[in-house]
Amino acid sequence: MEAGRTALIIEDECTVVYLLKEVLKNKGIDAVQANCIKDAHLLMLNIHPDFIFVDNELPDGLGFDTICTMHLNNPEARIIAMSAQASFRGKEIAFNEGANYFLEKPFTLEQVYNSLKKESKEVLIMQTEF
């Protein structure tokens, strides 16, 4: 990764934020944190992150509902949706809103590294019930 890149982590769990910041630091990416959607929107007025990690269940709403707006305001940003409640429907919503990748909690270092790669996009496989 190139130096000078930034990430916005929209997450209210301190442990997840700490781990993501450490992983990103190892890749030369500076990270800032927002604990809620409101704070994230305020931060995005001043920074244009290269990566946006967004949790779904936040104190002031559902993070996945804001992915489309984040993408419109930061079209070059790679949006990584995160959730511990990773149902098929949740993933589908995240991707339909414009997420580039989905991290199911708990996730591994390798999964975080994969989420940073441009060529990496998680593909949903629609299953038909018979």
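Residues numbered from 1 in each chain as written. Predicted model: local features only at pLDDT ≥ 70, side-chain atom pairs only at ≥ 80, totals over all residues. Heavy atoms only, no water.

Draft legend 1. Summary view of the pattern of salt bridges. One pass over the structure, following the stated rule, counts 6 salt bridges. Here R89 ties to E92 by a salt bridge, and the two come within 2.8 Å at their closest N and O atoms. Of this pair, R89 and E92 both sit in helix α4 (residues 88-97), separated by 3 residues, roughly a single helical turn. When its relative accessible area of 18% is taken as the criterion, E92 is described as buried. (Salt bridge = Lys/Arg side-chain N within 4 Å of Asp/Glu carboxyl O. Helix = DSSP H or I, 4+ residues; strand = E, 2+ residues; numbered from the N terminus. Buried < 20%, exposed > 50% of the residue type's maximum accessible area, 1.4 Å probe, protein only.)

Draft legend 2. Fine view of α4. Within α4, the full set of buried residues consists of G90, K91, E92, A94 and F95. Structurally, α4 contributes buried residues whose contacts are with α3 (67-73), β6 (78-83) and β7 (101-104). Downstream of α4 by one or two residues, G98 has phi in the positive range, about 120 degrees. (Contact = heavy atoms within 4.5 Å.)

Draft legend 3. Molecular detail of the nonpolar core. Judged by nonpolar contacts, the single largest core of 19 residues is most densely connected at I10, I52, I67, M70, A81 and A94. Of all elements in the fold, only β1 (5-10), α2 (37-43), β3 (51-55), α3, β6 and α4 reach the threshold of two or more residues within this core. Apart from residues lying up to four places away in sequence, M70 is in contact with I10, M44, I52, V54, G63 and I79. (Core = buried A, V, L, I, M, F, W, Y, C linked by side-chain atoms within 4.5 Å.)

Draft legend 4. Main features of the sheet that holds β1. Reading across the sheet, the 5 strands line up as β2-β1-β3-β6-β7 and stay open at both edges, with parallel pairing between neighbours. Two strands lie at the open edges of the sheet, namely β2 (29-34) and β7, each paired on one side alone. Neighbour-to-neighbour, the strand axes of the sheet open up by a mean angle of 20 degrees, direction not taken into account. Here 4 bridges tie β6 to β7, and the two strands are oriented parallel to one another. What sits directly across from A81, in β7, is F102. Sitting on the sheet, helix α1 (residues 14-26) touches β1, β2, β3 and β6, and the angle it makes with β2 is about 160 degrees. (Pairing = 2+ DSSP bridges. Axes fitted to C-alpha atoms, helices over the stretch in contact; angles between N-to-C directions.)

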